[in-house]
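Examination of the molecular architecture
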Amino acid sequence: MSSLRQSKPEEPWQAPEGEPIIRIENVSKRFGELYAVDGISLDIHSGEFFSLLGPSGCGKTTLLRMLAGFELPTEGKIYIDGQDVTDVPPYERPVNMMFQSYALFPHMSVADNIAFGLKQEGMPKARRQERVREMLALVQIDKLAARKPHQLSGGQRQRVALARALAKHPKILLLDEPLGALDKKLREQTQFELVNIQERLGITFIIVTHDQEEAMTMSSRIALLRDGRVEQVDPPRRLYEYPNSRYAADFIGSINLIDGHVLSQEENRVRIRSEEAGCDLEVIHGQPLLAGTPVTLAVRPEKVRLDSGDAQLANRVSGVIKEIAYLGDVSIYHVELATGKRIQFTQSNVQALAEQPLSWEDEVVLGWPANSCGVLTQ
Ligand code: ATP
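Residues numbered from 1 in each chain as written. Predicted model: local features only at pLDDT ≥ 70, side-chain atom pairs only at ≥ 80, totals over all residues. Heavy atoms only, no water.

Surrounding the ligand, one finds Phe-31, Leu-34, Ala-36, Pro-55, Ser-56, Gly-57, Cys-58, Gly-59, Lys-60, Thr-61 and Thr-62. Backbone polar atom of Cys-58 to an oxygen atom of the ligand: 3.1 Å apart, as the coordinates give it. Within the side chain of Thr-61, an N or O atom sits 2.6 Å from an oxygen atom of the ligand. Of all elements in the fold, only strand E2 (34-44) and helix H1 (60-68) reach the threshold of two or more residues within the shell around the ligand. Here the shell around the ligand gets 3 residues from one element, more than from any other, and that element is H1. (Near = heavy atom within 4 Å. Polar contact = N/O pair within 3.5 Å; in protein donor to acceptor, adjacent residues only side chain to side chain. Helix = DSSP H or I, 4+ residues; strand = E, 2+ residues; numbered from the N terminus.)

As structure tokens, this is what we get:
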């Protein structure tokens, strides 16, 4: 997992005295019988790059549209900068939204598209032109000012939409799947630019995405949604290293989930009996767990390694390599244990040519330390 954020981000959500720029208080939205958003409470702080992440239909867009004012909550309150905006119309909120479709005016030039909102709010022409120049430079499309949207590539249209959304200097920018229309390479490059622009302007960005990698690389914090509720809110690294449920563990990156039950606990060292793995396993866990509690041990593939007699490896399992995926920088191996359970592990290919490569049907012993895995109870 990597982040595009250069400096150590401040963590305003840790400061108890810090007032959030957005407070979502027990907000629900019902469409007929369906709760698209079901009792969500969240505080988002000024300058955050906050992601709403989750699978299709979990309520991300509905929540974003309520922040913009395009939908009214069935229950609950929304505050922006301390003011109750629950019933305030979209154009009176200090927010702007960038739509997934970009929604550019086809008959207008790039410059006129960017100037549109400024003109509507009555900004004098000279200032408007200056602001448009600033925005064109910011998103690096100075040379395209006179073109019409149909004369642009998808990536260029995305920049125009971003420039238009930023032109009014909103306090908060809402972005609905902003990179959805771009190919992988352009997405990665644009992620970098979005983070750069957001850091430079200090505007609070709230982004909807179903792409966990995108959320991980760009965000200061992520709210992982499930069926209209918040499953976990944390900075990317914490969400990755310490998922608090099977759902969160499974949604972010790849992970091995091994079922079992608690056998015993000595201080923070928990012993788990796992029929699935065919052995006992150990994990470091701060909270007390009762013997017999059903649990799932979670270990990332990059934490699992080939056993070379390292005493640190409290956990050892043996099996046969059944699948190998070569990804260039790393390879992913699927190892089948005697119980039929498969464990994934990754190996960097730095020294691949010097070593005897692993092959299908090779018997291997894998291991991982007790402090490189987690234990999930839900
Ligand atoms: P996606 O990633 O597919 O856009 P999402 O997480 O943004 O999904 P929402 O668009 O918020 O999900 O929708 C959440 C649920 O609410 C879905 O089941 C959807 O069908 C339903 N829904 C959304 N808008 C309406 C509406 N106007 N009328 C009825 N149901 C709606």
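Moving on, there is more to tell.
Below, the discussion takes up the sheet that holds strand E15 (residues 305-306). Taking strand neighbours across the sheet as the criterion, the 5 strands line up as E15-E19-E16-E17-E18 in an open arrangement whose pairing is antiparallel. Edge positions in the open sheet fall to E15 and strand E18 (342-348), since each of these has one partner strand only. Sheet topology places E15 next to strand E19 (residues 363-368); 2 bridges connect them, and they run antiparallel. Paired with Arg-305 across the strands is Gly-367, a residue of E19. (Pairing = 2+ DSSP bridges.)

What follows concerns the pattern of salt bridges. In total, this model carries 25 salt bridges according to the counting rule given. Among the charged side chains, a salt-bridge network with shared partners connects Arg-269, Arg-271, Arg-273, Asp-280 and Glu-282. (Salt bridge = Lys/Arg side-chain N within 4 Å of Asp/Glu carboxyl O.)

Phi is mostly negative for residues that are not glycine, and the peptide bonds are mostly trans. Phi angles above zero are rare outside glycine, and Asn-26 is one such case at about 50°. Following the sequence through the fold, Asn-26 ends up in strand E1 (residues 22-31). Owing to a relative accessible area of 47%, Asn-26 belongs among the partly exposed residues under this scheme. In this model, Glu-361 sits at a positive phi of 70°, which is unusual for a non-glycine residue. Relative to the helices and strands, Glu-361 resides in the loop between E18 and E19. (Buried < 20%, exposed > 50% of the residue type's maximum accessible area, 1.4 Å probe, protein only.)

So, on to the environment of Leu-257. One can find Leu-257 in strand E11 (residues 256-266). A C-alpha to C-alpha distance of 8.8 Å links Leu-257 and Arg-300, two positions 43 residues apart in sequence.

So, about the pairing of strand E8 (residues 204-209). Among the 6 residues that make up E8, 6 are buried, leaving the element largely enclosed by the rest of the structure. Of the two faces of E8, both are covered, the one formed by Thr-204, Ile-206 and Val-208 as well as the one formed by Phe-205, Ile-207 and Thr-209. Strand direction decides the pairing type here: strand E7 (residues 172-176) and E8, joined by 5 bridges, are parallel. Following the sheet pairing, Asp-176 is matched in E8 by Val-208. Handedness of the crossover joining E7 and E8 through helix H5 (residues 184-201) is recorded here as right-handed. (Right-handed = clockwise from strand over helix to strand, strands pointing away.)

Moving on to the packing of aromatic side chains. For the coordinates displayed, the defined rule picks out 5 aromatic pairs. Above the face of the Phe-105 ring, Arg-164 is positioned so that its terminal group lies 5.4 Å from the ring centre. The ring centre of Tyr-240 lies 3.9 Å from the NZ or CZ of Arg-300, which sits over that ring. (Phe/Tyr/Trp six-rings, centres within 6.5 Å; stacked < 30°, edge-to-face > 60°. Lys NZ or Arg CZ within 6 Å of the ring centre and 35° of its normal.)

Core analysis: the largest hydrophobic core is formed by 37 residues, its most contacted members being Ile-114, Leu-162, Leu-166, Leu-173, Leu-175 and Phe-205. Within the residue set of this core, elements represented by two or more residues are helix H2 (110-120), helix H3 (125-138), helix H4 (154-167), E7, H5 and E8. Apart from residues no more than four positions distant in its own chain, Leu-173 is found in contact with Asn-96, Met-97, Leu-162, Ala-165, Leu-166, Ile-203, Thr-204, Phe-205 and Ile-206. (Core = buried A, V, L, I, M, F, W, Y, C linked by side-chain atoms within 4.5 Å. Contact = heavy atoms within 4.5 Å.)

For the rest of this paragraph, the subject is H2. Buried within H2 are the following residues: Val-110, Ala-111, Asn-113, Ile-114, Ala-115, Gly-117 and Leu-118. Tucked inside the fold, the buried residues of H2 contact H3 and H4.

This part covers the sheet that holds strand E13 (residues 279-284). Here 5 strands make up an open sheet; going across it, the order is E13-E12-E11-E14-E20 and the pairing antiparallel. Two strands in the sheet have a free side with no partner beyond their single neighbour: E13 and strand E20 (374-376). Taken pair by pair, the neighbouring strands of this sheet meet at an average axis angle of 45°, ignoring direction. (Axes fitted to C-alpha atoms, helices over the stretch in contact; angles between N-to-C directions.)

Along its sequence, the protein is carved into domain 1 (12-94 + 170-248) and domain 2 (254-376). Using C-alpha coordinates to define each centre, domain 1 is positioned 34 Å away from domain 2. Contacts between domain 1 and domain 2 engage 7 residues on the former and 7 residues on the latter. Across the interface of domain 1 and domain 2, roughly 610 Å² is buried in total on both sides, 46% from carbon and sulfur atoms. Among the residues of domain 1 in contact with domain 2, Tyr-240, Pro-243 and Arg-246 are the three that bury the most area, contributing 83% of the side total. (Domains from an automatic or database assignment. Buried area = accessible area lost by both parts, 1.4 Å probe.)

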